[in-house]
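Summary of the model geometry
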Amino acid sequence: MAVMSESKREEFLAGVHVGVISIARREGPPLAVPVWYGYEPGGDVLVQTAPESLKFRLIDAAREFTLVVQDENPPYRYVSVSGPVVSVDDETPWAEVEELARRYLAGEAADDFLKSLEGAKITTFRMRPNRWYSTDYSISG
């Protein structure tokens, strides 16, 4: 087992995985829930959510979060990345909402999901990765 190189961990994070976001809260344990996310190597992690969600309220208050993505198939791999929120787009353009939805869903499933969001306000939080943890069990140490 070994830690991934910078390029490998960024490549892995850029892949299509359902992530688990973890957000601190003042009372109680952190919120940890699955999310769709976007990332390109060298860039920021983006997460979209509705302003009325608990996720929105906690990210807005904490101004930072952690995202963990994994490959559940042997040899197991994961990347965990944390950092501050560096921008908030309160009115995410529809093209960006559609792009993220189509990253995870194809064809009619994406169309149906997007129809369910029509008229909804979506916020995008962008996090600048500054703490990385990773393991790739296919790499011998």
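Anything mentioned here points back to the structure above.
Described in the following lines is the structure provided in the data block.

Calculation criteria
- Residues numbered from 1 in each chain as written.
- Predicted model: local features only at pLDDT ≥ 70, side-chain atom pairs only at ≥ 80, totals over all residues.
- Heavy atoms only, no water.
- Core = buried A, V, L, I, M, F, W, Y, C linked by side-chain atoms within 4.5 Å.
- Buried < 20%, exposed > 50% of the residue type's maximum accessible area, 1.4 Å probe, protein only.
- Contact = heavy atoms within 4.5 Å.
- Helix = DSSP H or I, 4+ residues; strand = E, 2+ residues; numbered from the N terminus.
- Phe/Tyr/Trp six-rings, centres within 6.5 Å; stacked < 30°, edge-to-face > 60°.
- Lys NZ or Arg CZ within 6 Å of the ring centre and 35° of its normal.
- Arc of directions from axis to C-beta.
- Patch = residues over 30% accessible without salt bridge, like charges linked within 9 Å, V, L, I, M, F, W, Y side chains within 5 Å.
- Areas by Shrake-Rupley, 256 points an atom, 1.4 Å probe, with all protein chains shown as cover.
- Salt bridge = Lys/Arg side-chain N within 4 Å of Asp/Glu carboxyl O.

**Some details on the nonpolar core**
Judged by nonpolar contacts, the single largest core of 26 residues is most densely connected at Leu13, Ile21, Tyr37, Val45, Phe65 and Leu67. Among residues more than four places away in sequence, those in contact with Tyr37 are Leu13, Gly15, His17, Gly19, Val45, Leu46, Val47, Leu67, Val69, Leu100, Arg103 and Tyr104.

**Observations concerning the side chain of Lys55**
By the secondary structure assignment, Lys55 is in helix H2 (residues 54-62). When residues no more than four places from it in sequence are discounted, the contact partners of Lys55 are Ile21, Ile23, Leu31, Val33, Val35 and Thr49.

**Considering the environment of Glu6**
Relative to the assigned elements, Glu6 resides in helix H1 (residues 6-14). Separated by 35 residues in sequence, Glu6 and Pro41 have C-alpha atoms that sit 9.6 Å apart.

**Some thoughts on the packing of aromatic side chains**
Scanning the model with the defined rule gives 4 aromatic pairs in all. Between Tyr39 and Trp132, the ring centres sit 6.3 Å apart and the planes meet at 70 degrees, which makes this aromatic pair edge-to-face. You can see Tyr39 sitting in the loop between strand S2 (31-35) and strand S3 (45-49) and its partner Trp132 sitting in strand S7 (residues 131-136), a full 93 residues away along the chain. Using a relative accessible area of 18% as the deciding quantity, one classes Trp132 as buried. Between Phe56 and Phe125 the ring centres are 5.4 Å apart and the planes differ by 55 degrees, which places this aromatic pair in the tilted class. One end of the pair, Phe56, is in helix H2; the other, Phe125, is in strand S6 (residues 123-127), and 69 residues separate them in sequence. Exposure class is identical for Phe56 and Phe125. Each is buried. Of note, Arg103 hangs over the ring of Tyr37, and the distance from its end group to the ring centre comes to 5.2 Å.

**Describing helix H3 (residues 94-104)**
Within the span of H3, buried status applies to Val97, Leu100, Ala101 and Tyr104. In an axial view of H3, the angular spread of the buried residues amounts to 100 degrees, which keeps them on one side of the axis. Exposed residues pointing more than 90 degrees away from the buried face of H3 are listed as Ala95 and Glu99. Buried-residue contacts for H3 involve S3 and helix H4 (107-117).

**Some words on a nonpolar patch on the surface**
A surface patch of nonpolar side chains, amounting to about 330 Å² of accessible area, comprises Val20, Val68, Tyr78 and Tyr133. With respect to the helices, strands and loops of the structure, Val20 is situated in strand S1 (residues 19-23).

**Brief notes about the environment of Phe56**
In this structure Phe56 comes out as buried when scored by relative accessible area, which is 14%. The spatial distance from the C-alpha of Phe56 to the C-alpha of Val85 is 12 Å, given a sequence separation of 29 residues. Those residues in contact with Phe56, other than ones at most four positions away along the chain, are Thr49, Ala50, Pro51, Thr123 and Phe125.

**Here's the deal with H2**
Residue pairs spaced three or four apart in an α-helix point in one direction, given the helix's 3.6 residues per turn. When H2 is considered as a whole, its buried residues turn out to be Lys55, Phe56, Leu58 and Ile59. In the segment just after H2, Arg63 is the residue with positive phi, at about 60 degrees.

**Some remarks on unusual backbone geometry**
One can expect most non-glycine residues to show negative phi and most peptide bonds to be in trans. Cis rather than trans, the peptide bond between Pro74 and Pro75 has omega equal to -10 degrees. You can see Pro75 is positioned in the loop between strand S4 (64-71) and strand S5 (77-89). The backbone phi angle of Arg63 is positive, close to 60 degrees, even though this residue is not glycine. Among the structural elements, Arg63 can be located in the loop between H2 and S4.

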